[in-house]
Amino acid sequence: MAYSAICPHQWSYPSKDFSLINYYPSNEKSQTTGKSGVIQCCAHISVFDPKSGGQVLEGPAEVPLACIELIEEEGKIYATGVLGINQFEEFFDMYKSDLIDQYGGLEKAKEQLDKTVVMEVGKYVKEQIKC
Amino acid sequence: MLKNKLNVNRRQFLAGSVALAATNLIPDVSLAKEEAAKSTKSAKVVIVGGGYGGVSTARQLRKLLPDISITLIDKNPFFVSCPMSNLYLGDFYEFGNLCFPYEPLKAKYNIDFINTKVMDIDLDKKLVITPYDRISYDFLVLSPGISYDIDKSQKDFFIKYPPAFKPGGEHLYLKRLLEGFDGGDIVITVPSYPYRCPPAPYERAALILNYITKRKLKAHLYFIDANERPVINSEGFMKAYYKLYKGYADYITGTTVKEIDTANNVVKTTNGDFKFKLANVIPPMKASKLLEKIGLLESNQKWVEVETFTFETKVPNVFVIGDSARTFLPKSGFGANMQGKIVANIITERITGKKLKQEELLMVLCYSMVSDKEAIMSETSFKINREKNVITPIHREDNTRRESTVKRYHEWAKGLWREMFG
């Protein structure tokens, strides 16, 4: 499983500049909540448990992180579905103009489909803001 | 120089919050349930006040109940955010970015918006009275914000030097005064807590000091506080004043305004007189006058008593949320946003007869810019035990000035606006 990095509270997500929603591995404690092994969004301090389906542990989020089902075939990993409330429609609606600025509209975004690569968030964003 | 020594924060506002946990009006719930036995299609909810509380109530209600009638009434045609407005005064944010029209809420979410002033409310007949209409309701949510607790003789002064703690024109005019300021003495005063947005006066003082120093103006700030120290993020604010703006300000604590000599531009306080060229006297505040008029605010009280966990008043199915209510939450936009969602959930339960999950933990976050690049923040969680009627606050502060906290601050506000108007 993977999780959508769109915070289900008010839809913060990792932009190219910075990410407020981040994973805190078991050896790294959140300065604010003191929790480790969690996914935490620093905009409004919603904390999610990746070990239990992205359930909300703390904070104002009302629903868990959307869960992405992954399947491995011949050494390749495919995302095959979403479990839970994904809020993708709301996300694309909210960020429509920002996304057009970044990716140049639907047609251009479609061109990116085959070129999309998976990378660590720390390599994608300029700054991971943890709290 | 700064007269006040750096002190650890007293968390004065938290002490108030704990005491308030004992507040527990018990409305007649059986009557409320009976009266609220309406089908989801015919139920009418009227919300007075289109701030953080009112709009959040409307949006959450629509999410839960697609068919009910929701009417939002506000005297302004568009929402102007008070959170982030100090950044506009400090020259870091466009005023237009604080504004959102209400009208699209109708097309997108079928929330009726009426741009008018509420003249009166007949709580017996369940009617909201405007200059042109009488609007009936089954459930009434009042989120009208604050009024300034000033006497009529001071009114002209506060037009000339607006407090800018109500959103809109006051901020525009105060900014114009600041832009026209070319040096001299500035006086900012802070009333005793509680007032709207605990860190706001301290953030404003920091950003005005930043404004002065960046422009190299020959100016001095007399920052006069009725409280003994900043009521929140005390350490962070004091460090910022001392390190970044030393020599530009006197911070005078435990001092209240006695009188304003408008003819001579002098603020008279319990600790001496202060002549000013520019003033931002932040007056004591109280609940909206409308609430006094309709009898929900007792004449000797400043805030409306509501049931601790539901924000319901002594009148069944009439709720007061936001800064007008006496609640365990600090008076803030974020707190009003959460209260709005809670009240929407309660109304949904009463309309549908189905129980929703109750909040066990509420959280309020406050961010404050202290320079053009750095911010500090605080977070208070409230653990709720309904059975024992106990609320336990846990307060945490990050008083280290960080550039990353500025990014969190912006996203904090944008997230709220997305949820309300997106």
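Scope of this entry: the structure provided in the associated data block. The model shown is predicted, which means the values in this text are computed figures rather than measured ones.

Re the pattern of salt bridges
All names here are of chain B.
Then, number 1: The final tally for this structure, using the stated rule, is 28 salt bridges over all chains.
Then, number 2: The salt bridge involving K106 is made with D112; its shortest N-O contact spans 2.6 Å.
Then, number 3: Exposure remark for D112: the relative accessible area of 28% places this residue in the partly exposed category.
Then, number 4: Across the salt bridge formed by E235 and K239, the nearest N and O atoms sit 3.0 Å from each other.

Focus on the packing of aromatic side chains
Residue and element names in this part refer to chain B.
Then, number 1: Overall, the coordinates contain 30 aromatic pairs over all chains when judged by the stated rule.
Then, number 2: An angle of 80° between the planes, with centres 5.1 Å apart, marks the rings of F157 and F158 as edge-to-face.
Then, number 3: Residue classification places F157 among the buried residues on the basis of a relative accessible area of 3%.
Then, number 4: Ring plane angle 45° and centroid distance 5.7 Å describe the contact between Y202 and F237, whose orientation is recorded as tilted. One end of the pair, Y202, is in helix α8 (residues 200-214); the other, F237, is in helix α9 (residues 234-244), with 35 residues separating them in the sequence.
Then, number 5: Classification of Y202 as buried rests on a relative accessible area of 0%.
Then, number 6: What makes F237 buried here is its relative accessible area of 0%.
Then, number 7: Taking the ring centre of Y88 as reference, the NZ or CZ of K175 above it sits at 4.2 Å.
Then, number 8: A cation over a ring is seen here: R386 above F309, with NZ or CZ 5.3 Å from the ring centre.

Points about the interface of chain B and chain A
Then, number 1: With 25 residues of chain B at the interface, the matching set in chain A holds 23 residues.
Then, number 2: Buried area between chain B and chain A, summed over both chains or domains, comes out near 2,000 Å², and the portion from carbon and sulfur atoms is 53%.
Then, number 3: For the chain B face of the interface with chain A, the top three residues by lost area are K407, R408 and R418 of chain B, together amounting to 29%.
Then, number 4: Put simply, chain B and chain A have 4 salt bridges between them.
Then, number 5: A salt bridge links K108 of chain B to D93 of chain A; the shortest N-O distance between them is 3.1 Å.
Then, number 6: For the interface between chain B and chain A, the tally reads 13 residue pairs in polar contact (both at pLDDT 80 or more).
Then, number 7: Put simply, the parts of the chain that give the side of chain B that touches chain A at least two residues each are α3 (52-64), α11 (333-352), β22 (361-369), β23 (375-385), β24 (390-402) and α12 (403-421) of chain B.
Then, number 8: The leading source of residues in the side of chain B that touches chain A is α12 of chain B, at 9 residues.

Quick word on the nonpolar core
Then, number 1: One finds I121, V128, L140, L142 and L296 of chain B to be the most contacted residues of the largest nonpolar core, which totals 140 residues.
Then, number 2: In terms of nonpolar packing, the next biggest core, distinct from the first, is built from 16 residues, C7, V38, L65 and I129 of chain A among them.

Some remarks on unusual backbone geometry
Residue and element names in this part refer to chain B.
Then, number 1: Here the bond from Y193 into P194 is cis, since omega is 10°, no more than 30 degrees from zero.
Then, number 2: Note on placement: P194 falls in the loop between β11 (184-190) and α8.
Then, number 3: Residue C197 is not a glycine yet carries a positive backbone phi of 60°.
Then, number 4: Within the secondary structure layout, C197 lies in the loop between β11 and α8.
Then, number 5: Backbone geometry at N389 places phi at a positive 60°, although glycine is not the residue there.
Then, number 6: If you trace the backbone, N389 turns up in the loop between β23 and β24.
Then, number 7: Judged by relative accessible area, which is 23%, N389 ranks as partly exposed.

Quick notes on the rules
Residues numbered from 1 in each chain as written. Chains lettered and ligands numbered in written order. Predicted model: local features only at pLDDT ≥ 70, side-chain atom pairs only at ≥ 80, totals over all residues. Heavy atoms only, no water. Salt bridge = Lys/Arg side-chain N within 4 Å of Asp/Glu carboxyl O. Buried < 20%, exposed > 50% of the residue type's maximum accessible area, 1.4 Å probe, protein only. Phe/Tyr/Trp six-rings, centres within 6.5 Å; stacked < 30°, edge-to-face > 60°. Helix = DSSP H or I, 4+ residues; strand = E, 2+ residues; numbered from the N terminus. Lys NZ or Arg CZ within 6 Å of the ring centre and 35° of its normal. Contact = heavy atoms within 4.5 Å. Buried area = accessible area lost by both parts, 1.4 Å probe. Polar contact = N/O pair within 3.5 Å; in protein donor to acceptor, adjacent residues only side chain to side chain. Core = buried A, V, L, I, M, F, W, Y, C linked by side-chain atoms within 4.5 Å.

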